[in-house]
Amino acid sequence: MVSTPIYTRKLEVFKHHLRILKSYISSTNMKTMPKFLHANSRDKKNSLIPALSTLLIIKILCLATFAEAATSKPLPSQFAKLSRSTASDDTSPCRGTPYKAACQTLLQTLNTNNNALPKTSKELFDYSVRFTLSQAHSAVDQLAAVLASQTHQEIDDMTHLAGSGKRDCMELLDDTLNQLSNVVNRNNHPTHTHDDVQTWLSAALTNQDTCKESLLENVKKNNLEKLNEIDSMATSLSQSISNSLALYVSNYGRTSPGGRKLLRDQNNIINDFPSWVSLSERKLLESSIGEMEANAVVARDGSGTHTTIAEAIKQVAASQEEGEGRHVIYIKAGTYKENLKIPSKQNNVLLVGEGKGKTVIVGSKNVVDGSTTYDSATVGVMGDGFMAKDLTIVNSAGPSKHQAVALRLGSDRSVIFRCSLDGYQDTLYTLSKRQFYRDTDIYGTVDFIFGNSAVVFQNCNIYAKNTGQKNYVTAQGRTSPDQNTGISIQNCKIVADGVTYLGRPWKEYSRTVILESFLDGSVDPAGWFPWAGGSSPSSIYYGEYMNSGPGSSTSDRVDWPGYHSSLTSMEAQKFTVASFIDGDDWLPPTGVDFDSGLGG
């Protein structure tokens, strides 16, 4: 290959990043830019103006340009230069993708490597997801190299701050590899459903958004030169995942809510849990402590197998084998000051305590003291099939510390049963995938149920604390219309000590519904609140159905195009356990009570 003069290469890279910038600006609602770019993106007190946010993007891209030109290994986003006419051609196979240039790059890469071009849109989806998986593998190697190049002082700073955006990105990339591998190998799992594939791709996309947010939370603590390469990598990977998700939905359709059969027992009575909970797991959750066979017992007084929960989790992980069943960790009464992580490859963990307020796990990490929101969690779970029962999880940082997560959950088909989650801002981070909460108490102030999972809350008590400021119960983070995500609160109680709103739109496609729940008088008549700067995109979906209580009147609610003051039963049914999280397929075996449809 003929070498290119350094300034010519810089110019080519600069033009490439300018194209990315133009594409980003044209596809982004400028009103919502501050929420994405600010280090504390859900802190209404610290929003930046759009112009400052745009300058930050330009600064990052320019730094990326010259860092890129100085390296011999190109970023995944730089495979080809495409003509405008090709990218915008209505006959192109890429015409239905949100990032056409990235899709055309895939086609050009196939052509360059002498691969047969896809003949159908389904073939294009298969090529796209395989290409995206290869990008994710490259991203892991690239990020590992960045981390390995850090000085000893930088590594010490990371450990001290405990919340490195780079480390968050590595954890999220690990999970992304799992999700994309699931999609590529889906035919090896004959029981997989369309909802499974949409969930896996939705979670992979959420992971990239979360990585970028963690990086931006570290802007004040790190040099931009060391972050721009990872940011560009996450953007490129995010575009490829978005295209794969759009291709999948266009070929196979979105999950069809409301059409699944309800699971009934031998007496023809509908079970109280989604059917993805197996019979053995159902019995396990219904069992008393004395009836359980625990893999580990945690007791502070030394009467168990371990004195800390972290030790028990580590021991269970070491003994875990592929295909092995449920791993039960019984935690005796006491207060455990620990920050726990259950990684993507550690599945089917069940934490069982002796009751709310008796078995208590407490942490205090927070954004003000140097953590990222992602890493501030007292308990952070990414392994699928996680369950927790009869315990309390607390982040004790307090309201002045802003984002401080008690539980962060990125576990598919996970169940939280008879627990208490206590914090202030960002108490519960429902990060991604399918989740179910039953008979659980959730305490907080600002955006204290947030994230981008497909989650249903049933029979839960949701308490907004009084700290002298407005409270917002939810902040849902859906970034694509193709994601099967949202928050559904059904048959719950929402009460507060101060003025409270049901939620505000964190992202462009935020989706939240309140069904058959009791709303007390502290709920503001407007019900919902715009994002900082007045943002309430028409693409959001907020709805209410058959609620009761003094705060349930919808006569003075917001008049947003995306708000539905009175859902029909057919519309509300789409957000029930059976329809929204495919719960009839996985909840029954857990033994947790659940209502499959409406009117429970």
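Here, the structure is the one placed above.
In what follows, the accompanying structure is described. These figures come from a predicted structure and were not determined experimentally.

Bringing the packing of aromatic side chains into the picture now. Where two aromatic rings form a pair, the distance of their centres and the angle of their planes describe that pair. Across all of its chains, the model carries 16 aromatic pairs by this definition. Relative to Phe580, the ring of Phe575 lies with its centre 5.3 Å away and its plane at 55°, an arrangement referred to as tilted. Residue Phe580 is classed as buried on the basis of its relative accessible area of 8%. Counting every residue linked through ring pairs, the aromatic cluster contains Trp528, Tyr542, Trp560 and Tyr563. Lying across the ring of Tyr374, Arg408 places its NZ or CZ 3.7 Å from the centre. The positively charged end of Lys465 is found above the aromatic ring belonging to Tyr424, 3.9 Å away from the centroid.

Before going further, it helps to examine the sheet that holds strand β7 (residues 379-381). Across the sheet, which stays open at both edges, the 7 strands sit in the order β4-β7-β10-β13-β16-β19-β22 with parallel pairing between neighbours. Two strands bound the open sheet, and with one partner strand each, they are β4 (340-342) and β22 (500-503). Averaged over all neighbouring strand pairs, the angle between strand axes comes to 10°, with direction disregarded. Looking at chain direction, β4 and β7 are connected through 3 bridges and run parallel. Opposite Ile342, over in β7, you have Val381 as the bridge partner.

The next thing to look at is the state of the cysteines. Counting across every chain of the model gives 2 disulfides. Paired by a disulfide, Cys94 and Cys103 hold their sulfur atoms 2.0 Å apart. Taking the torsion about the S-S bond as the criterion, the Cys94 to Cys103 disulfide, at about -75°, is left-handed. Here the two residues Cys94 and Cys103 agree in accessibility, since each one is buried. Covalent S-S linkage joins Cys169 and Cys211, the inter-sulfur distance amounting to 2.0 Å.

Following the sequence through the fold, Asp595 ends up in the segment after α14 (577-580). A relative accessible area of 11% means that Asp595 is categorised as buried. Side chain to side chain, Asp595 and Arg438 meet in a polar contact 3.5 Å long.

One can expect most non-glycine residues to show negative phi and most peptide bonds to be in trans. Unlike most non-glycine residues, Asp390 shows phi in positive territory, near 60°. Of note, Asp390 is situated in the loop between β8 (387-389) and β9 (392-395). Asp390 sits in the buried class, given a relative accessible area of 12%. With phi around 55°, Asn459 is a residue other than glycine that occupies positive phi space. Along the polypeptide, Asn459 turns up in the loop between β17 (454-458) and β18 (461-464). Residue classification places Asn459 among the partly exposed residues on the basis of a relative accessible area of 27%.

Our focus in this paragraph is the packing of helix α5 (residues 100-112) against helix α6 (residues 121-148). Relative orientation of the contacting elements α5 and α6 amounts to 90°, with a least axis distance of 11 Å. Regarding the angle of α5 to α6, the classification is roughly perpendicular. Residues Cys103, Leu106, Leu107, Thr109 and Leu110 of α5 lie in contact with α6, whose contacting residues are Leu124, Tyr127, Ser128 and Phe131. Of the residues assigned to the contact of α5 with α6, the class counts are 7 nonpolar, 2 polar and no charged.

Parameters and conventions
Residues numbered from 1 in each chain as written. Predicted model: local features only at pLDDT ≥ 70, side-chain atom pairs only at ≥ 80, totals over all residues. Heavy atoms only, no water. Phe/Tyr/Trp six-rings, centres within 6.5 Å; stacked < 30°, edge-to-face > 60°. Buried < 20%, exposed > 50% of the residue type's maximum accessible area, 1.4 Å probe, protein only. Lys NZ or Arg CZ within 6 Å of the ring centre and 35° of its normal. Pairing = 2+ DSSP bridges. Helix = DSSP H or I, 4+ residues; strand = E, 2+ residues; numbered from the N terminus. Axes fitted to C-alpha atoms, helices over the stretch in contact; angles between N-to-C directions. Disulfide = S-S within 2.5 Å. Polar contact = N/O pair within 3.5 Å; in protein donor to acceptor, adjacent residues only side chain to side chain. Parallel < 35°, antiparallel > 145°, perpendicular 65-115°, else oblique. Contact = heavy atoms within 4.5 Å. Nonpolar A, V, L, I, M, F, W, Y, C, P; charged D, E, K, R; others polar.

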